[in-house]
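One letter stands for each residue in the lines below.
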Amino acid sequence: MHDQVYQPEADTFLLLRAALREVRPTDRVLEVGTGSGRIAAAVLETGARVVGTDINPYAVLAARSCGVETVRTDLAAGFAGPFDLVVFNPPYLPTVPEDRFDDWLEYALDGGPDGRRVIERFVRDLDRVLAPYGRLLLLVSSLTDLDAVRELLGSYGFIAIVVDQEGCEGETLYVLRAMRDLCRVTSGD
Amino acid sequence: MRRDLLDILCCPVCKGGLVLTVVEENDEEILEGSLLCEACGASYPICAGIPNLLPPGIE
């Protein structure tokens, strides 16, 4: 695989496991930031309709070579939806400017000063592409502050629970499953 | 891209609907062509089967 594409790691495999438990064959699935396409390709085998996005030109080629239909776009920007399931392993590492190395892999890793910069941009746009009863699976690290991510999702009207977790080299990786908080949706709002 | 993907795509800038122009396709999908935004007029290429829906001018 091209050296500018994020290689599947522990976070990839944790999210993959959760995705295979979650997906239904009738789902239309969006994988945001599909990278190597490893997760999208496995989900495709369940019979679901899957499309992957990436901003990285090498990643969309890599995912396509695994049989995944791909679109080069920023997060979900080029999609109207609706999707039944959205899967995202975001760039979540907190970074300072001197850490950054300005290449395509950085897009796959760099979460800004608090690790949540890309997650916030994504969540802001999620309502637009998610079906009314759609589900999100989001990989979050303890480095990114799980509670802060749940609060962020809550502030945009989503309720999230942890469905899987795993310790990994000094951090804990979590899979959050989020849906619209339908109890808080009121008519006329 | 497969033809029915068009139903769920939109302009990444203004979220307008897209009009497909096909230059080359096979039995499964569109290989070369373009997507034109009906609302803002931006045009997005499809190259080697992959639509590029980055805002025009960004590479």
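Residues numbered from 1 in each chain as written. Chains lettered and ligands numbered in written order. Predicted model: local features only at pLDDT ≥ 70, side-chain atom pairs only at ≥ 80, totals over all residues. Heavy atoms only, no water.

### Notes on the layout of surface pockets
Short version of the rule: Here a cavity is any set of points on a 1 Å grid over the protein atoms alone where a 1.4 Å probe fits but cannot get out, and a pocket is any open set with protein on both sides within 12 Å along at least 5 of 7 lines; a residue lines the site when it has an atom within 4 Å of a point. Grid points are joined across faces, edges and corners, and a volume is the space filled by probe spheres set on the points. In this description a helix means any DSSP run of H or I spanning at least four residues, a strand means any run of E spanning at least two, and both kinds are numbered starting from the N terminus. The residue classification treats Ala, Val, Leu, Ile, Met, Phe, Trp, Tyr, Cys and Pro as nonpolar and Asp, Glu, Lys and Arg as charged. All others, Gly included, are polar.
The computed volume of the largest pocket comes to approximately 870 Å³. Lining the largest pocket are 45 residues, and of these P90(A), P91(A), Y107(A), A108(A) and L109(A) lie nearest its centre. Of all the secondary structure elements, the ones that give two or more residues to the lining of the largest pocket are α1 (10–22), β1 (28–32), α2 (38–44), β2 (49–54), α4 (104–109), α5 (117–129) and β7 (171–180) of chain A. When residues in the lining of the largest pocket are grouped by element, the largest group, five residues, is from α4(A). Here the lining of the largest pocket is composed, by residue class, of 21 nonpolar, ten polar and 14 charged. In this model, the second largest pocket occupies a volume close to 210 Å³. Lining of the second largest pocket is provided by L44(A), V50(A), R64(A), G67(A), V68(A), E69(A), R2(B), E28(B) and E29(B). In terms of residue class, the lining of the second largest pocket is built from three nonpolar, one polar and five charged.

### Topic: the environment of Y133(A)
Residues and elements named next belong to chain A. What counts here: A simple rule labels every residue: compare its accessible area, found with a 1.4 Å probe on the protein chains alone, to the largest value its type can have, and call it buried under 20%, exposed over 50%, or partly exposed in between. Only heavy atoms matter for contacts: two residues are in contact if any of them lie within 4.5 Å across the pair.
Note on placement: Y133 falls in strand β5 (residues 130–141). Judged by relative accessible area, Y133 falls into the exposed class, the value being 62%. The spatial distance from the C-alpha of Y133 to the C-alpha of A48 is 16 Å, given a sequence separation of 85 residues. Setting aside chain neighbours within four positions, we find Y133 in contact with M179 and L182.

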